[in-house]
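# Fold and contact review
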Amino acid sequence: MDKLIIQGGRRLSGTVSVSGSKNAALPIIVAATILTEQPSTLRNVPDLMDLETLCHVLEGLGARLQFEKGTLSIEPIDQKTYQTPYDLVRKMRASIYVLGPLVTKLGQAKVSFPGGCAIGPRPVDLHLKGLEALGTTIEIEGGYILAKANQLIGTEIGLKGTNGSSVGATANIMMAAVLAKGTTTIRDAACEPEIEDLANFLNEMGAQVSGAGTATITIHGTKELNGVDYTIIPDRIEAGTFMVAGAITKGNIFISNAIPKHMEALTETLCQIGVQLDWQDKGVHITTPNLLAPVNVSTGVYPKFPTDMQAQIMGLMALTPGKSIITESIFPDRFMHVSELNRMGAKISVEGNNALIYGVNSLSGAPVMASDLRAGAVLILAGMAAIGETVISRIYHIDRGYEKIEDKLTNIGADIVRQK
Ligand code: EPZ
């Protein structure tokens, strides 16, 4: 298995560019492949393992997808196959996105129940609740979700779970509702920019979705949708990860095509810590004076502080003098990275869904292991700031969500080598 070998202590400098958003591309690729019989072209698509896995799932449904230098050309599914292969869906939870589109387009779907992962149980009850509300009959058999519906009928649906709104359920129900009969109102919808991007894509296809980006989304069903040439938004989590990379190495970098509106909570937290962000028209300039101050952060649904940046900001806090506290409200178990950071000399303890971080003067390089996508990201950040060599194993977790990360960081001064 590949490893990343990092020599720490180098300040980053130069310009790094953000790729397209993984979490916007995933549902948009599904919509383009299942909800229309016309071909589509998607641009600014990042080259990521998760997208490659999704394309294999969709090829299993008869679609043909061609990826070339950030552009994905899509020939839709053959309208005959409605079952997804277990081994691929098990690998990637986002495959659940095919459920709503298949039911609304073909009247049936057979999708394997997605497994949990390192950040905790990943229920899909809200996805199923929404589809049932639209008129789908759902059976769970042999680890598969069997969904059937002759014609989905628009209705009012509340999608608030115990931990607030759900990005995945909002996307799934929105994609089911665009071809339903009548009007659907989603209450307590997720407000993430990726949901807005999906809604914009669906409207380009000829759908009638309004209110995306707010907690109430209204969809007037249409008969059919057309193919689209569309450009995916930049990845705000990759951008945020690079912001922390600049700060943790006390570097001086410019992050091009980051969108300020998508990153207000993170920007505010970094400013409170003492990082300087200078937003310009094409991105943001990051510099970090010596003095850093501890802060308390609680993750929440957008526009609150994103759970997908929790591990990364913890890495910066580990080197910030004083006591910082992180409260993880979305995935309470999302602290697998704490033990690995402590192996590098951090002083972090976990109490329930709170992490207490006592800043130390320096971290020391060590052999560490990525447990999930963002935990892997913080190990890269810590390794770049640490004294000595860090070797990260299981980096396939990182490749799921970061495009050529060692090349991008090497281009701005990091010493990172991928060992095959
Ligand atoms: C999306 O996951 C993202 N993944 C996650 O990013 C992100 O962490 C998460 O949203 C929260 O922002 C993609 O977009 C592919 P949720 P999703 O449904 O949709 C509970 C990454 O690093 N819930 O918004 O699975 C759930 O347990 C990944 O790129 C239910 O209870 O997350 C959680 O506590 C990691 N029932 C909360 O809601 C459901 O049916 C939010 O989950 C669905 C979710």
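Here the structure is shown first, and the text comes after it.
One structure accompanies this document, and this report is about it. Being a predicted model, the structure only gives us computed values, none of them experimental.

About the thresholds
Residues numbered from 1 in each chain as written. Predicted model: local features only at pLDDT ≥ 70, side-chain atom pairs only at ≥ 80, totals over all residues. Heavy atoms only, no water. Helix = DSSP H or I, 4+ residues; strand = E, 2+ residues; numbered from the N terminus. Rg over C-alpha atoms; globule rule 2.2 N^0.38 Å. Buried < 20%, exposed > 50% of the residue type's maximum accessible area, 1.4 Å probe, protein only. Contact = heavy atoms within 4.5 Å. Lys, Arg positive; Asp, Glu negative; His and termini not counted. Charge placed at Lys NZ, Arg CZ, Asp CG, Glu CD. Salt bridge = Lys/Arg side-chain N within 4 Å of Asp/Glu carboxyl O. Near = heavy atom within 4 Å. Polar contact = N/O pair within 3.5 Å; in protein donor to acceptor, adjacent residues only side chain to side chain. Areas by Shrake-Rupley, 256 points an atom, 1.4 Å probe, with all protein chains shown as cover. Nonpolar A, V, L, I, M, F, W, Y, C, P; charged D, E, K, R; others polar. Core = buried A, V, L, I, M, F, W, Y, C linked by side-chain atoms within 4.5 Å. Phe/Tyr/Trp six-rings, centres within 6.5 Å; stacked < 30°, edge-to-face > 60°. Lys NZ or Arg CZ within 6 Å of the ring centre and 35° of its normal. Pairing = 2+ DSSP bridges. Axes fitted to C-alpha atoms, helices over the stretch in contact; angles between N-to-C directions.

A separate point is the overall build of the protein. The helix and strand inventory of the protein stands at 14 helices and 23 strands. In summary, the protein has a C-alpha radius of gyration of 21 Å against a globular reference of 22 Å for 420 residues, a match within 12%. The C-alpha extent of the protein, read off along each of the three principal axes, is 65 × 45 × 40 Å. The 420 residues of the protein split such that 56% are buried. Taking the intrachain contacts of the protein between residues at least 6 apart in sequence as the baseline, contacts between residues at least 24 apart amount to 74%. Of the charged side chains in the protein, 36 are positive and 41 negative; the average position of the first set lies 2 Å away from that of the second.

Inspection of every chain in the model, using the stated rule, returns 16 salt bridges. The closest approach of N and O atoms between Asp 50 and Arg 400, which form a salt bridge, is 2.7 Å. In this pair, Asp 50 sits in helix 2 (residues 49–59) while Arg 400 sits in the loop between helix 13 (396–399) and helix 14 (405–410), placing the two residues 350 residues apart along the sequence. Residue classification places Asp 50 among the buried residues on the basis of a relative accessible area of 3%. Judged by relative accessible area, which is 28%, Arg 400 ranks as partly exposed. Put simply, Lys 408 and Glu 238 hold a salt bridge, and the shortest N to O gap is 2.7 Å. Placement of Lys 408 in helix 14 and of Glu 238 in helix 8 (residues 236–248) is noted, with a sequence separation of 170 residues between them. For Lys 408, a relative accessible area of 13% gives the class buried. Salt bridges sharing common partners tie together Asp 2, Asp 399, Glu 406, Arg 418 and Lys 420.

Once that is clear, we can look at the site of the ligand. Asp 125, Leu 126, Ser 166, Asp 308 and Ile 330 are the nearest of the 25 residues found near the ligand. Note that an oxygen atom of the ligand is positioned 2.8 Å from one of the backbone N or O atoms of Gly 168. Coverage of the ligand by the protein chains reaches 91% of its 820 Å² of free accessible surface. Looking at the shell around the ligand, the elements that each hand over two or more residues are helix 1 (22–34), helix 5 (125–133), helix 6 (167–177) and helix 12 (373–385). Looking at side-chain class alone, the shell around the ligand contains eleven nonpolar, seven polar and seven charged residues.

Further remarks concern the nonpolar core. Ile 29, Met 174 and Leu 202 are the most contacted members of the largest nonpolar core, which has 74 residues in total. Counting residues per element, this core draws most heavily on helix 1, at nine residues. Once residues lying within four places of it in the same chain are set aside, the contact partners of Met 174 are Ile 186, Ile 195, Leu 198, Ala 199, Leu 202, Val 209, Ile 217 and Ile 219. Counting 69 residues, the second largest nonpolar core, distinct from the first, contains Leu 270, Leu 292, Ile 357 and Ala 370.

Attention shifts here to the packing of aromatic side chains. Within this structure, the stated rule accounts for one aromatic pair. On the basis of an interplanar angle of 75° and a centroid distance of 5.2 Å, the ring pair of Phe 201 and Tyr 230 is categorised as edge-to-face. Of the two residues, Phe 201 sits in helix 7 (residues 193–204) while Tyr 230 sits in strand 13 (residues 229–231), which places them 29 residues apart along the sequence. Among the residues examined, Phe 201 registers a relative accessible area of 0% and is labelled buried. Stacked on the ring of Tyr 144, the Lys or Arg Lys 110 has its end atom at 4.9 Å from the ring centre.

Counting through the fold element by element, Asn 172 comes out in helix 6. What makes Asn 172 buried here is its relative accessible area of 0%. Considered as a pair, Asn 172 and Ala 31 are 141 residues apart in the sequence and their alpha carbons are 9.6 Å apart.

This part covers unusual backbone geometry. With an omega of 10°, the peptide bond running from Tyr 302 to Pro 303 counts as cis. Checked against the element boundaries, Pro 303 lands in the loop between strand 17 (296–298) and helix 10 (310–317). Positive phi values are uncommon outside glycine, yet Asn 44 reaches one of about 60°. Along the chain, Asn 44 falls in the loop between strand 3 (40–43) and helix 2. In this structure, Lys 250 is a non-glycine residue whose phi angle is positive, near 50°. Among the secondary structure elements, Lys 250 is positioned in the loop between helix 8 and strand 14 (252–256). By relative accessible area, Lys 250 is classed as partly exposed at 25%.

Within the open sheet, the four strands sit side by side as 4-5-3-13. Their pairing is mixed. Two strands close off the open sheet at either side, each with one partner strand: strand 4 (64–68) and strand 13. For this sheet, the mean angle separating the axes of adjacent strands, direction not counted, is 15°. With three bridges joining them, strand 3 and strand 5 (residues 71–75) adopt antiparallel strand pairing. Each bridged residue has a counterpart across the sheet, and for Thr 41 the counterpart in strand 5 is Ser 73. The sheet strands contacting helix 1 are strand 3, strand 4, strand 5 and strand 13, and the helix crosses strand 5 at an angle near 30°.

This part takes up the side chain of His 397. Mapped onto the elements, His 397 comes out in helix 13. Engagement of the side chain of His 397 in a polar contact is seen with the backbone oxygen of Ser 371, the distance being 3.4 Å. Apart from residues lying up to four places away in sequence, His 397 is in contact with Ala 370, Ser 371, Asp 372 and Leu 373.

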